[in-house]
Structure formats: C-alpha cells, structure tokens
Amino acid sequence: MHKKKTKRPWAVFIAIILAMITGTVLGDKQTIFGVSFYSIFDTLGNVFLNALTLVVVPLVSSSIISGVAKIGSEGAFGRLGLKTFAFYLGTSLMAILIGLFFVNLIAPGASHIAPQVTAGEEIALDAFKTKIAIHEGAAFVGVLMQIVPSNIVMAFSQNQMLGIIFFSLLFGYAISKIESHNGSILLGFWQGVFQAMITITHIVMKFLPYGVFCLVAKVFMTTGLSSLKPLSLFTATVILSLGTFMFVGLPLLLRFVGRVKANRHLKAMAPALVTAFSTSSSSATLPITIDCVEKRAGVSNRICSLVVPLGTSINMSGSALYECVAAMFVAQAYGIEISFVTQFLVVLMALVTSIGVAGIPSASLVAILVILKAMGLPPEGIGMFIAVDRLLDMCRTTVNVYSDSCCAVLVARTEGEKNVLAMDPVE
Ligand code: ASP
C-alpha cells in the first residue's frame, strides 16, 4: 500500500554508506572545477542543518505551549514533571554504569601511554582550555540564569532552549487558567503553529538522504576510518557500552516498564536516529524526533511536547556514558589509582555535567575537561581521543536522541496511553 514511501529509510541508510565510501575515497583535497568537494559538501550539509534548525524554536515553543495548555487544565503537571525527571535520571545513570562496567572490564587506557600532545592538537586544546575557564565558574550559575531569562525575545533570538522551554511552560499553563474563550483562541493559534512547523519538518525530511550524504561525506573526508586504529580499544569500549545501553538496557525498560515492543520503537525512531547520527546534533534533530515520537510511535502531544524538548536540552544519556568512559580512559593511561570513591565521583560528575551539555557537535569535550580537572588530571588528556571524537559523537548523539524518545514512551505508557506503539509505524 505504502510501497513508495517505505523505501525512504533505506535511501538514508544507503546515503550513509555511500557517503562513508565517497568521503574516504575523495579525501579533503580533491576538487572539481577548482572548487573542493569538501567545501561543496560542507555548504550543502550546512544548508540542510540550517533548514532543520530553522524550525526548532517555533516548533518547541508551540509544541510545549499547546501541550501544557492541555495538561494544565487536567492538573497533572507536577506528576508528569516528576516522572519525566525520574526517567531522565534513571536512564542516564544506567548508561553511565554500563560505561563504567565496560571501561573497567576492558581497561582501554591501561595499554596506552599518556600523551605527548602534537602541535595541531595543542591549538585545539587551547581553545577548549579557554572554554573550560569560562565554563567552570559560570556553568551552574549560567544554566540557572538561562532557565529564567529576563528578556524572552532575546532567549528566542539566541536559541536559549532552557529559557524558551521555561517560558513556554509558563505560557501554556497560563492559557489553561485564563477565560475559556480567550484561552481556546490562543490554544488554537499555537496548535496551528505547531502543525505548520511539523509540515515544514516533513518538507525538510524529503531532503534527508541528500543532507545526510553531504554531512557524513564531509566527516569522512577529514576523519577516515583509519583514525580509529590506534584507538581501537577505546572506540570499541565506547561503542560496546553505547550499544549495550541502546539495544539491551533501554529495550528492557521499554518491555518491562512500558510494556511495549522495543523493536517497534526502534523502527518508529529510525528517521530521527539516522539524522542524529549524521548531524551529531540532538538539537538540530529535534523537529524529526518530535515528529517520530508523535506520529510514528503514537505518543500524545501533551506528553511528547514536554518530555522530548526538555530531554534534548538536559537528558544526554549517551554523552554521560561517553564522559565517564573517556575520563576513566585518561585516568587509566596516566596510571592513577582509580579508587571506588574516585569512580563514584566520576559517575556523579558525568551525571551532573551531562545536563549542561548542549545538543551540538563535540559539546561533551568541555564536560570531560571539567571531570578531568576534578580528578586532578591534566586537560591535555583530552588529546588522547580527540581524533576519534567526531565519529563517536555521531554514535552518542544517536543514543541521546533514542534515550529521550524512550523516556517519552515510558512516561506516556505509565500515564496509561494505549496508542503508543500499538501498531507498526506508518511509513
Ligand atoms: N553531540 C551531542 C548531542 O548533540 C552532544 C555531545 O555529546 O557532544 O547530543
């Protein structure tokens, strides 16, 4: 029946594989008519990313406002909020503990000699050191200040997600409390904006295979698979941990807490997952995540609109896992004693710092620097795995997005929603 459309997910997978091959074969020096392939893919990939990011602010605000306006009137807001945070914390903690288990078991850093940083890496490190200096003192105060912005127009124009989420929650709640005639006009307006933004997302998704191709080819032009070799043990530990969390841990939660078929959910989320993989940005993927959670997994708007945007900002399970593995890897390479107390500290810091990790490429590196510093390790340690960070970023971003979507399903199911994953996703 839907023959033509069911081919689409395959188109994206084929695009990823072709892009890996094309990027590796071409490298970053090849040109056509004097223009490098790299800059062509870079430009086209960024246009695609812009098109996705373009809808994020209006989509998130309209989604939350219309969702909360409905919840507010039911008085279930507090319970939903608590549940959401419990699932965020639970899944991230599970991810970190899985990472901790494998990094202790495999000990990828034990066979690694602590680094002599090369000149190229030194420049990158300097930039990160500056970032960390800003990050350290201001991190938590900064996050707090962002939650309650003094100027909502500024928050909107600067993509400050936490401020936008907070304002939208308040605004939605207020709509549920005002005179019903005015309230329904406002609710209708925001529902309309939401539907229009989802329609735009669908249009952008038509270009998904092409956008994915450009973005992935670009990465593989500069970071070939050969860069994984010297760090194969570290890469394997990260991928094994992420895989265990995504294909064992989360499905168990879906099965036994959510009582839904985990395979079905994976299938429903496929478009969002490939987008996360190729963009390395959960923020840019957000419109597609919302679309998949609502339209393909069948979670109601009132729950999806709260859990998914908030999760994209603060629930970074894959990044938290990566932070833990990376910090332990560096500690192992420096041969420092990693006591139980230190490991506990790493787990706690990974959990807390991951909340502040932005949904953009390589954002975890700053958080890892904070953890290294707390463990008394030199920030140069980051140079040990920076070569593979971009490729692993693709994997952890995919896990971040999947974990948010699972939390949405779990909240919806524990709220008694019957339509969630009741059928295979409609292509
Ligand atoms: N790239 C990740 C994301 O967008 C964040 C990170 O771990 O660097 O979710």
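Residues numbered from 1 in each chain as written. Predicted model: local features only at pLDDT ≥ 70, side-chain atom pairs only at ≥ 80, totals over all residues. Heavy atoms only, no water.

1. Observations concerning the site of the ligand
Taken together, 17 residues form the shell around the ligand, and within it S282, S319, S364, D393 and R396 come nearest. Within the side chain of S319, a nitrogen or oxygen atom sits 2.5 Å from an oxygen atom of the ligand. Comparing atom positions with the cavity grids shows the ligand to sit within the largest cavity. If one sorts the elements of the shell around the ligand by residue count, helix α18 (residues 386-414) sits on top with four residues. Among the residues forming the shell around the ligand, the class breakdown is six nonpolar, nine polar and two charged. (Near = heavy atom within 4 Å. Polar contact = N/O pair within 3.5 Å; in protein donor to acceptor, adjacent residues only side chain to side chain. 1 Å grid on protein atoms, 1.4 Å probe; cavity = no way out; pocket = protein on both sides within 12 Å on 5 of 7 lines; lining within 4 Å. Sits in = over half its atoms within 2 Å of the grid points. Helix = DSSP H or I, 4+ residues; strand = E, 2+ residues; numbered from the N terminus. Nonpolar A, V, L, I, M, F, W, Y, C, P; charged D, E, K, R; others polar.)

2. Considerations on empty space enclosed by the protein
Going through the model one piece at a time under the given rule, you end up with one cavity of 30 Å³ or more. Within this model, the largest cavity holds a volume of roughly 60 Å³. With four residues, the top contributor of residues to the lining of the largest cavity is α18. For the lining of the largest cavity, the class distribution of residues is five nonpolar, nine polar and two charged. (Points joined across faces, edges and corners; volume = space filled by probe spheres on them.)

3. Topic: the environment of N46
With respect to the helices and strands, the residue N46 is situated in helix α3 (residues 37-54). Along the chain, N46 and L215 lie 169 residues apart, while their C-alpha atoms are 7.8 Å from each other.

4. Some thoughts on the pattern of salt bridges
Counted according to the given criterion, the structure contains seven salt bridges. One salt bridge in this structure joins D42 and K218, with 3.1 Å as the shortest N-O distance. With D42 in helix α3 and K218 in helix α10 (residues 208-222), the pair connects residues that are 176 residues apart, well separated along the chain. The buried category is assigned to K218, whose relative accessible area is 15%. Between K295 and E294 there is a salt bridge, with its nearest N and O atoms 4.0 Å apart. In this structure K295 comes out as partly exposed when scored by relative accessible area, which is 46%. (Salt bridge = Lys/Arg side-chain N within 4 Å of Asp/Glu carboxyl O. Buried < 20%, exposed > 50% of the residue type's maximum accessible area, 1.4 Å probe, protein only.)

5. Let's talk about the packing of aromatic side chains
Within this structure, the stated rule accounts for 11 aromatic pairs. On the numbers, 6.2 Å between centres and 55° between planes, the contact of F234 with Y322 is tilted. With a gap of 88 residues between them, F234 in helix α11 (residues 232-258) and Y322 in helix α15 (residues 317-333) connect regions that are remote in the sequence. Pairing F234 with F385 gives two aromatic rings, centres 5.4 Å apart and planes at 35°, and the pair type is tilted. Linking F234 in helix α11 with F385 in the loop between α17 (364-374) and α18, this pair joins segments that are 151 residues apart in sequence. Of the two residues examined, F234 and F385, each falls in the buried class. By way of ring pairs, the aromatic residues F167, F171, F189 and W190 are connected into one cluster. Seen from the ring of Y322, R396 lies directly overhead, with NZ or CZ sitting 4.1 Å from the centre. (Phe/Tyr/Trp six-rings, centres within 6.5 Å; stacked < 30°, edge-to-face > 60°. Lys NZ or Arg CZ within 6 Å of the ring centre and 35° of its normal.)

6. Examining the nonpolar core
F234 and F385 are the most contacted members of the largest nonpolar core, which has 133 residues in total. A per-element tally of this core places α18 first, with 14 residues. Leaving out residues up to four positions away in the same chain, F234 has contacts with P108, Y322, V325, A326, F329, F385, V388 and L392. (Core = buried A, V, L, I, M, F, W, Y, C linked by side-chain atoms within 4.5 Å. Contact = heavy atoms within 4.5 Å.)

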